[in-house]
Amino acid sequence: MAVELAAAGARVAISGRDEAALEKVAAQMGSAGVSSAGVSSAVVLPADLLQSGAAAQLAADAARRLGGLDVVVSNAGAGWAGPMTDITPDENDALVDLNLRAPLHLIRAALPQLAASDHGRVIIVGSAAGRFGVSREVVYSATKGGLYPLAEGLRAEVAGTGVTVSMVTPGVIDTAFYERRNKPYEPRFPRPVPATRVADAVLRCARSGQAEIWVPAWLAVAARIDGVVPALYRWLARRFG
């Protein structure tokens, strides 16, 4: 996402807990794009949004370094797979904190800066698991599920202010997400798709303010079936997973 935004001409502040990984991304961004003033595209701001006050500090630092905020992409997330009875209380709370509490704090902190922009964009990266609920990923599904009413409610709340709210809803994406959770991804279907597909969707939302993009797009069909004929969706989910 950061590299594609930089290549499109944006100056981007990247944040996370792994400073070495951020520096690697910054190097890629630097080769992808430089502003017309010759300023590097990358601003590195290491932060742990689970710490009290970190989200507000990150939003303030990013706005100061970039001269304001036009777009905020909330992409933090971690997974856990297995029966709900096997997850520990600490693991349960860690998912809630990272997948739901951190985005809430970050978006709240960034809203004043986005409202001051001519075209403020909130882009939230959710998960198909949060739209449907997935067996053996119940807690993860629940934490990601909270992002959808956040987007819908906030979209209505900021209507008329110039700020738009977009959801990018990925399915199975080929990233280190599955290496870092407690179990790797094993099903043969659906097959993971490249992370560049999600980055493309984020860039489209940054440009247009589109309300929601599914990655891959066929997942939207499942959502429509679930909305119109939920009994059929549940049968299909039991039959095919």
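For the structure itself, look to the data block above.
The model shown is predicted, which means the values in this text are computed figures rather than measured ones. (Residues numbered from 1 in each chain as written. Predicted model: local features only at pLDDT ≥ 70, side-chain atom pairs only at ≥ 80, totals over all residues. Heavy atoms only, no water.)

Caption draft 1: A look at the sheet that holds strand β8 (residues 212-215). With respect to topology, four strands assemble into an open sheet ordered β3-β4-β5-β8, the strand pairing being parallel. This sheet does not close on itself; its edge strands, each paired only once, are β3 (71-74) and β8. If you compare each strand with its neighbour and ignore which way they point, the axes differ by 15° on average. The pairing of β3 with strand β4 (residues 121-125) spans four bridges and is parallel. Bridging across to β4, serine 74 finds its partner in isoleucine 124. Each of β4, β5 (164-170) and β8 is contacted by helix α7 (residues 147-157), which is oriented at about 160° to β5, the strand it contacts most. (Pairing = 2+ DSSP bridges. Helix = DSSP H or I, 4+ residues; strand = E, 2+ residues; numbered from the N terminus. Axes fitted to C-alpha atoms, helices over the stretch in contact; angles between N-to-C directions. Contact = heavy atoms within 4.5 Å.)

Caption draft 2: Region of the structure containing the packing of helix α6 (residues 138-145) against α7. Across the interface, α6 lies against α7 with an axial gap of 5 Å and an inter-helix angle of 5°. When the interaxial angle is binned, α6 and α7 end up roughly parallel. Where α6 abuts α7, its residues Thr143, Lys144 and Gly145 lie against Leu147, Tyr148 and Pro149. Broken down by class, the residue content of the contact of α6 with α7 amounts to three nonpolar, two polar and one charged. (Parallel < 35°, antiparallel > 145°, perpendicular 65-115°, else oblique. Nonpolar A, V, L, I, M, F, W, Y, C, P; charged D, E, K, R; others polar.)

Caption draft 3: Here's a closer look at unusual backbone geometry. The step from phenylalanine 189 to proline 190 runs through a cis peptide bond, and the omega angle for that step is -5°. That bond from valine 215 to proline 216 is cis: its omega, 0°, falls within 30 degrees of zero. Positive phi values are uncommon outside glycine, yet arginine 136 reaches one of about 70°. On the secondary structure map, arginine 136 appears in the loop between α5 (128-132) and α6.

Caption draft 4: Broad picture of the packing of helix α3 (residues 54-66) against helix α4 (residues 89-115). Contact pair α3 / α4: the axes reach a minimum separation of 8 Å and the direction vectors enclose 35°. As for how α3 packs across α4, the hand of that crossing is right-handed. Here α3 contributes Ala55, Ala56, Leu58, Ala59 and Ala63 to the contact with α4, which in turn contributes His105, Leu106, Ala109, Ala110 and Gln113. (Left-handed = near helix turned anticlockwise from the far one by under 90°.)

Caption draft 5: How the structure looks around the nonpolar core. Judged by nonpolar contacts, the single largest core of 29 residues is most densely connected at Leu49, Leu69, Ile107, Leu114, Val122, Ile124 and Val165. Of all the secondary structure elements, the ones that give two or more residues to this core are α3, α4, β4, α7 and β5. Setting aside anything within four residues of it in sequence, one finds isoleucine 107 in contact with Ser74, Val122, Ile124, Leu150 and Leu154. The next biggest cluster of nonpolar side chains, apart from the first, holds 23 residues, and it includes Ala6, Val12, Ile14 and Leu22. (Core = buried A, V, L, I, M, F, W, Y, C linked by side-chain atoms within 4.5 Å. Buried < 20%, exposed > 50% of the residue type's maximum accessible area, 1.4 Å probe, protein only.)

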